Amino acid sequence: MTTQWYLGRNAYDPRPHTRIQPRAFSRDGAWQVYDKWIDYFPTEGKVFSPNHPQGASEAFFAFDVTEVTDLTKQDRFRLQTLRKVEEILDYSDRDPEDVRRIFVEHGVSGRKADRETVVVVLPDDLCVRISLVRDGNGKKSVAELIDLAELPLYSFDRSLFAGDRIDACWYSVPDVTVGPVQGTIDWSLDKDFLASLFKQLKRLSAPEPGELPYPATRSQIHAFLTTLDRHGLLPADEEPWRSDGERVRRLASDMRFEVDEIEELVHILSSLAPVEEKLSEALDERRRTLEVELAASVEADVRAEVETRYEALSAQNTELDETLSKLTVEKASLERTVAELADRRDRTQREIRSLTANVASLIEVHDDGREVKADRLIQDIEKVLRGEKSAVSRVIHGPPRSELPTFDYDLAPVPWERLNQELGAAASQHGFEPRDIETLDLLARSGEVLLLCPDVAGAVLRCYASVVAQGGFAVQSLDPSTIGYDDLWRSPARGTPTPLSRAWAACANDRSVARLVLLEGIERTPLDLWIRPLIETLRGQGRPKNLLVFLSMASATIDRDRSVADLSELVVPFKTHGPATLNPSFLRSLLGDEEDPGRWFDFLAKPAVARNEIGTLMTADFGPSGKKRMPLALRTSVAARGTGIAEIERTVRILCENLDAAPAAPADRIESLQLGREYLRTLSN
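Residues numbered from 1 in each chain as written. Predicted model: local features only at pLDDT ≥ 70, side-chain atom pairs only at ≥ 80, totals over all residues. Heavy atoms only, no water.

Participant: Is there a simple way to explain the overall build of the protein in this structure?
Facilitator: When you go through the protein residue by residue, the secondary structure sums to 18 helices and 18 strands. Looking at the 685 residues of the protein, the share that counts as buried comes to 38%. Once local pairs closer than 6 in sequence are excluded, the contacts in the protein between residues at least 24 apart make up 71%. Entry remark: accessible area of the protein is about 40,400 Å², with carbon and sulfur atoms responsible for 53%. (Helix = DSSP H or I, 4+ residues; strand = E, 2+ residues; numbered from the N terminus. Buried < 20%, exposed > 50% of the residue type's maximum accessible area, 1.4 Å probe, protein only. Contact = heavy atoms within 4.5 Å. Areas by Shrake-Rupley, 256 points an atom, 1.4 Å probe, with all protein chains shown as cover.)

Participant: Help me out: how do you make sense of the sheet that holds strand S18 (residues 572–574) in this one?
Facilitator: In any sheet, the strands associate via hydrogen bonds between backbone groups, in a parallel or an antiparallel arrangement. Spatially, the five strands line up as an open sheet ordered S15-S16-S17-S14-S18, and their pairing is parallel. Among the strands making up the open sheet, the edge pair consists of strand S15 (474–477) and S18. If you compare each strand with its neighbour and ignore which way they point, the axes differ by 30° on average. (Pairing = 2+ DSSP bridges. Axes fitted to C-alpha atoms, helices over the stretch in contact; angles between N-to-C directions.)

Participant: How should I be thinking about the packing of helix H17 (residues 648–660) against helix H18 (residues 671–684) in this particular structure?
Facilitator: A pair of packed helices is captured by two measures, namely the crossing angle of their axes and the spacing between those axes. Closest axis-to-axis distance for the H17/H18 pair is 9 Å, and the angle between their directions is 20°. The pairing of H17 with H18 is recorded here as roughly parallel in orientation. Two packed elements cross with a definite hand, and for H17 against H18 that hand is right-handed. For the pair H17 and H18, the contacting residues are Leu655, Asn658 and Leu659 in the first and Leu673, Gln674 and Arg677 in the second. Grouping the constituent residues of the contact of H17 with H18 by class yields three nonpolar, two polar and one charged. (Parallel < 35°, antiparallel > 145°, perpendicular 65-115°, else oblique. Left-handed = near helix turned anticlockwise from the far one by under 90°. Nonpolar A, V, L, I, M, F, W, Y, C, P; charged D, E, K, R; others polar.)

Participant: Help me understand unusual backbone geometry, please; the structure alone is not making it clear to me.
Facilitator: What you tend to see is this: most non-glycine residues have negative phi, and most peptide bonds are trans. The phi dihedral of Asp167 falls on the positive side, at around 55°, and the residue is not glycine. With respect to the helices and strands, the residue Asp167 is situated in the loop between strand S11 (151–156) and strand S12 (170–171). The partly exposed category is assigned to Asp167, whose relative accessible area is 42%. Even without being a glycine, Ala168 presents a positive backbone phi close to 65°. With respect to the element layout, Ala168 can be found in the loop between S11 and S12. Taking relative accessible area as the criterion, Ala168 reaches 58% and is therefore assigned exposed.

Participant: So what exactly am I meant to see when it comes to a nonpolar patch on the surface here?
Facilitator: Taken together, the side chains of Leu290, Leu294, Val298, Val302, Val306, Tyr310 and Leu313 make up a nonpolar region of the molecular surface, amounting to roughly 590 Å² of accessible area. Within the element layout of this structure, Leu313 appears in helix H5 (residues 273–362). By relative accessible area, which is 40% here, Leu313 ends up partly exposed. (Patch = residues over 30% accessible without salt bridge, like charges linked within 9 Å, V, L, I, M, F, W, Y side chains within 5 Å. Salt bridge = Lys/Arg side-chain N within 4 Å of Asp/Glu carboxyl O.)

Participant: I'm lost on H18 in this one. Help?
Facilitator: Side chains of residues three or four places apart in an α-helix project in the same direction, reflecting 3.6 residues per turn. Helix length check: H18 (14 residues) gives 20 Å between terminal C-alpha atoms against 20 Å at 1.5 Å per residue, within 8%. Turning to H18, its buried residues are Ser672, Leu673, Gln674, Leu675, Gly676, Tyr679, Leu680 and Leu683. Lining the buried residues of H18 we find helix H8 (434–445), strand S14 (450–452), helix H12 (567–570), S18 and H17. (Expected span 1.5 Å × (residues − 1).)

Participant: Honestly, the nonpolar core in this entry has me stumped. Any pointers?
Facilitator: In globular proteins that are soluble, nonpolar side chains generally tend to be buried together. The biggest cluster of nonpolar side chains holds 74 residues, and the ones touching the most others in it are Leu516 and Phe550. With residues up to four places along the chain from it excluded, the contact list for Phe550 reads Leu440, Ala444, Leu450, Leu452, Leu461, Tyr464, Leu516, Val517, Leu518 and Leu519. (Core = buried A, V, L, I, M, F, W, Y, C linked by side-chain atoms within 4.5 Å.)

Participant: Help me understand the pairing of S15 in this model?
Facilitator: Residues in a regular strand point their side chains to alternate faces of the sheet. Of the strand pairs in this sheet, S15 and strand S16 (residues 515–520) are connected by four bridges, and their pairing is parallel. Residue pairing across strands places Ala474 opposite Val517, the latter belonging to S16. The parallel pair S15 and S16, bridged by helix H10 (residues 499–509), forms a crossover whose chirality is right-handed. (Right-handed = clockwise from strand over helix to strand, strands pointing away.)

Participant: Please clarify how the environment of Met553 should be interpreted in this entry.
Facilitator: Counting through the fold element by element, Met553 comes out in the loop between strand S17 (547–552) and H12. Here the alpha-carbon distance between Met553 and Ile522, two residues 31 residues apart in the chain, equals 5.6 Å. Once residues lying within four places of it in the same chain are set aside, the contact partners of Met553 are Leu451, Leu452, Pro454, Ile522, Glu523, Leu567, Tyr679 and Leu683.

Participant: How should the confidence of the model for the protein be read in this particular structure?
Facilitator: Note: predicted coordinates in regions of low pLDDT should not be interpreted at a detailed level. Overall, the predicted model of the protein reaches an average pLDDT of 79, with 74% of residues at or above 70. Across the protein, the element-wise mean pLDDT spans from 53 in helix H4 (residues 239–270) up to 95 in S17. Here residues 239–248 is a poorly scored stretch, pLDDT under 50, and it has five contacts once near neighbours within four places are set aside; other chains count. Across residues 393–401, where pLDDT falls below 50, the model places twelve contacts with residues more than four positions away in sequence or in other chains. (pLDDT = per-residue confidence, 0-100.)

Participant: Explain the packing of aromatic side chains to me, please; I cannot follow it from the model alone.
Facilitator: Each aromatic ring pair is described using two quantities: the centre-to-centre distance and the angle formed by the ring planes. Under the counting rule described, the total for this entry stands at 14 aromatic pairs. When the ring of Phe61 is compared with that of Phe63, the centres are 6.2 Å apart and the planes differ by 55°; the resulting orientation is tilted. Neither residue differs from the other here; Phe61 and Phe63 are each classed as buried. The interplanar angle of 50° and the centroid separation of 5.2 Å between the aromatic rings of Trp416 and Phe601 together place this pair among those described as tilted. One end of the pair, Trp416, is in the loop between helix H6 (374–386) and helix H7 (419–430); the other, Phe601, is in the loop between helix H13 (584–591) and helix H14 (614–618), with 185 residues separating them in the sequence. Taken individually, Trp416 and Phe601 each receive the classification buried, so the pair is uniform in this respect. Clustering of aromatic rings is evident, with ring pairs tying together Tyr6, Phe25, Tyr34, Trp37, Phe61 and Phe63. Positioned over the ring face of Phe60 is Arg9, at 4.0 Å from the centre of the ring. (Phe/Tyr/Trp six-rings, centres within 6.5 Å; stacked < 30°, edge-to-face > 60°. Lys NZ or Arg CZ within 6 Å of the ring centre and 35° of its normal.)

Participant: Got a minute to help me understand the pairing of S16 in this structure?
Facilitator: The buried fraction of S16 is high, at five of six residues. For the crossover from S16 across helix H11 (residues 531–538) to S17, the handedness is right-handed.

Participant: Quick question: what am I supposed to make of the environment of Lys545 here?
Facilitator: Mapped onto the elements of the fold, Lys545 is located in the loop between H11 and S17. Relative accessible area serves as the criterion here: at 63%, Lys545 is assigned to the exposed category. Along the chain, Lys545 and Arg445 lie 100 residues apart, while their C-alpha atoms are 7.2 Å from each other.

Participant: When you look at the packing of H7 against H8 in this model, what are you seeing that I'm missing?
Facilitator: Two elements in contact, H7 and H8, have axes whose closest approach is 8 Å; the angle formed by their N-to-C orientations is 130°. With respect to H8, the axis of H7 lies oblique. Crossing hand, H7 versus H8: right-handed. Taking contact as the criterion, the partners of Leu419, Asn420, Leu423, Gly424, Ala427 and Ser428 in H7 are, on H8, Pro434, Ile437, Glu438, Asp441 and Arg445. When its residues are assigned to classes, the contact of H7 with H8 shows five nonpolar, three polar and three charged.

See below:
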């Protein structure tokens, strides 16, 4: 009686029963898909059975069922037998050798990562079973190299292809599709096949007394096969053989034809009885004589030459082995020394940068405080040591956070391609919109000076600094004593360098670390006396790229005559919605959890624009607003390069449109820039 097989997979597994979802049934050696399974299996077309280990996976399997006649039982149909099915790969229209190279030598792409057994169909209604595993690179699936030299050949029932595909694949019907064994086939690697062939030749050609041995040793055979594999000359590589293959085959055919003709001619001539006997006896006698003479002569000469040559080579090989052992030990020692010195060099460089930045803030700097050269710094240190100059006191009776924060160089910097991702994560953590913090970063690193609303200035900079500056930034509070441009760099009351001056000096000596400075309360100063020179200085070529300056303004200036009418053209007003009261940052501080390790980005490693890309950058389409603000568009596109932003041109175009007016599309509106314009408009009124 023929078993009625069904094809299905595990629907889900509520212990201790398994629910199987049927997909097809077998008929005439093929699978037929039937949609109305509920007619056969009433409970939503599923079959219930005790849990089977084979049914736990998502792979297809074949099963048959038996109907339960006892109505007191819960299940009407019970699974009786469960069989694993194999995927059928049809290569019946290809040469078997080509199929072997595909699965054994090259591998196939697009297969599952785990191990699987498939049936490969060959011509003449034959097939083989092979196990596919991942190759060394993990990109392709190749046949498992076990017992391929005698791979069984099975008969194949092609009636399977008259049925339906299941999920665009063919699957074998148990006991029908794959028949009995019809023989074996050698699917071993080309290297293994050639090695086996050489071994057979060497074994079959064992020399008889007086004959020369087989002209290839085991080491020579291995060297020959290694050379073929290294230079890609094995048949599986195909390319080197295509140009010469036809010529070699033709030459071999011609040579064989000539040999056959000569043998036929000799056979005809020697068929004459007297001549054949005489020639045979004479040739045998002559051959034996020549073999004895040659064997005696060659054996003596070869033995003497080999002994002489190999004696010198053996001594030289021993000496080279000893030298190689010594050099290997020395190499390992040198590699350890180089690794230790490289680590010590990196640590020393970080310490030097940190010390230079810290020492620069302890020494009296130039009047403008904007540049501290190394030679000038050394001279100032020597004067302090000789007592000719005093160091700046670090005890300053100022507001909190007026000093530059300390920096931990032992923390590894974050790669630049993750900047946009880190900004978005920090914004969500601190309760801001990710787009606002990303816009703040682009404008700040492109050289723009941002005017922040004092209500959120500290929170915004704390969020931004947690990504680029290990969470620290300096605050410089301005008061009516700040009258002119020079007062921004040296405190009018004490004559000491201001936080802005210290930050500039630190950035000039260590250009890898970002320093953030907030000039707070600019409305308390005569704004028109210093704002334009400051903006020109910050936009000049001398400003370090890692110095990021921000302003905050709470109300209109104390002196209306000193207000700046075109302030919106000098700075970018920026205001965000206040951060949510309940956010991850607040909850961590409430629970007393430790902060995450400080993050920072190495500004010296920022991706730069290559010379051959400058023309492309100049011709980029930044929109009408981008053409109007071309310097800003170019600076922001350079700042956005390599930071993980997918569409840089579109991002810059949207930014320029928001700086001019709100875009028509609501999705393109940057709320922080619109709120910033409204905030600045209230101050000017």
